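The primary structure of each chain is shown beneath.
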Amino acid sequence: MGAGSSETPPVPMRPNDRIIARFAIRGVLLWLGVRLLASAVFKLAGVNPLHVGLWSTSMLIVACVAVGMVDLRRRHERILIANLGVSEGACVAFFAVPAIVAEWVLSALATAYP
């Protein structure tokens, strides 16, 4: 794009609904696995797994995103979904959003039922 060019910059494409649904379900399943593993570790350490702090919760979310991204690369799906117009940030969101929502719900339930 030159100085006098009238071209508009490219707009990122929104992922297909089927892709969003598939990876959101995978994100929930990955969160469940990471959370169960972390809960077992917390229980062995003598800590209530439902009443964890903000740092532990954020580390669980980071772990979910890391496991999800490794899973994408392991299955060789990153190149495929990149060709479908899904950005790296959208891939991170596929795994982060379900984990954030699930941790928020779990925190609300743990607070409501001590």
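Please refer to the structure placed before this passage.
Residues numbered from 1 in each chain as written. Predicted model: local features only at pLDDT ≥ 70, side-chain atom pairs only at ≥ 80, totals over all residues. Heavy atoms only, no water.

Asker: Would you mind going over the pattern of salt bridges with me for this structure?
Answerer: Opposite charge on two side chains permits them to pair, given that their charged atoms come into close proximity. According to the stated counting rule, one finds 8 salt bridges in the structure shown. With a closest N to O distance of 3.0 Å, aspartate 71 and arginine 74 form a salt bridge. Taken together, the residues aspartate 71 and arginine 74, both in helix α2 (residues 54–74) and 3 residues apart, mark about one turn of the helix. According to the relative accessible area criterion, aspartate 71 is buried, its value standing at 9%. Close ionic contact of glutamate 88 with arginine 78 constitutes a salt bridge, the shortest N to O distance being 3.0 Å. Residue glutamate 88 is located in helix α4 (residues 88–112), and its partner arginine 78 is located in helix α3 (residues 78–83); the two are separated by 10 residues in the primary sequence. The partly exposed category is assigned to glutamate 88, whose relative accessible area is 35%. By relative accessible area, arginine 78 is classed as buried at 11%. Linked through salt bridges whose partners overlap, the residues forming this network are Arg22, Arg26, Asp71, Arg74, Arg75 and Glu77. (Salt bridge = Lys/Arg side-chain N within 4 Å of Asp/Glu carboxyl O. Helix = DSSP H or I, 4+ residues; strand = E, 2+ residues; numbered from the N terminus. Buried < 20%, exposed > 50% of the residue type's maximum accessible area, 1.4 Å probe, protein only.)

Asker: Can you help me understand a nonpolar patch on the surface in this one?
Answerer: Side chains of Val97, Val101, Trp104, Val105, Leu109 and Tyr113 sit close together on the surface and give an oily, nonpolar patch of about 660 Å² of accessible area. Here valine 97 shows up in helix α4. (Patch = residues over 30% accessible without salt bridge, like charges linked within 9 Å, V, L, I, M, F, W, Y side chains within 5 Å. Areas by Shrake-Rupley, 256 points an atom, 1.4 Å probe, with all protein chains shown as cover.)

Asker: Help me understand the packing of helix α1 (residues 17–44) against α4, please; the structure alone is not making it clear to me.
Answerer: Helix-helix packing is described using two parameters, namely the angle between the two axes and the distance between the axes. Running from N to C, α1 and α4 cross one another at 50 degrees; their axes reach a closest spacing of 8 Å. Viewed along their axes, α1 and α4 adopt a mutual orientation that is oblique. In this structure, the crossing between α1 and α4 has a hand that is right-handed. Contacts from Ile19, Ile20, Phe23, Ala24, Arg26, Gly27, Val28, Leu30, Trp31 and Arg35 in α1 reach Phe94, Phe95, Pro98, Ala99, Ala102, Glu103 and Leu106 in α4. Split into classes, the residues belonging to the contact of α1 with α4 amount to 13 nonpolar, 1 polar and 3 charged. (Axes fitted to C-alpha atoms, helices over the stretch in contact; angles between N-to-C directions. Parallel < 35°, antiparallel > 145°, perpendicular 65-115°, else oblique. Left-handed = near helix turned anticlockwise from the far one by under 90°. Contact = heavy atoms within 4.5 Å. Nonpolar A, V, L, I, M, F, W, Y, C, P; charged D, E, K, R; others polar.)

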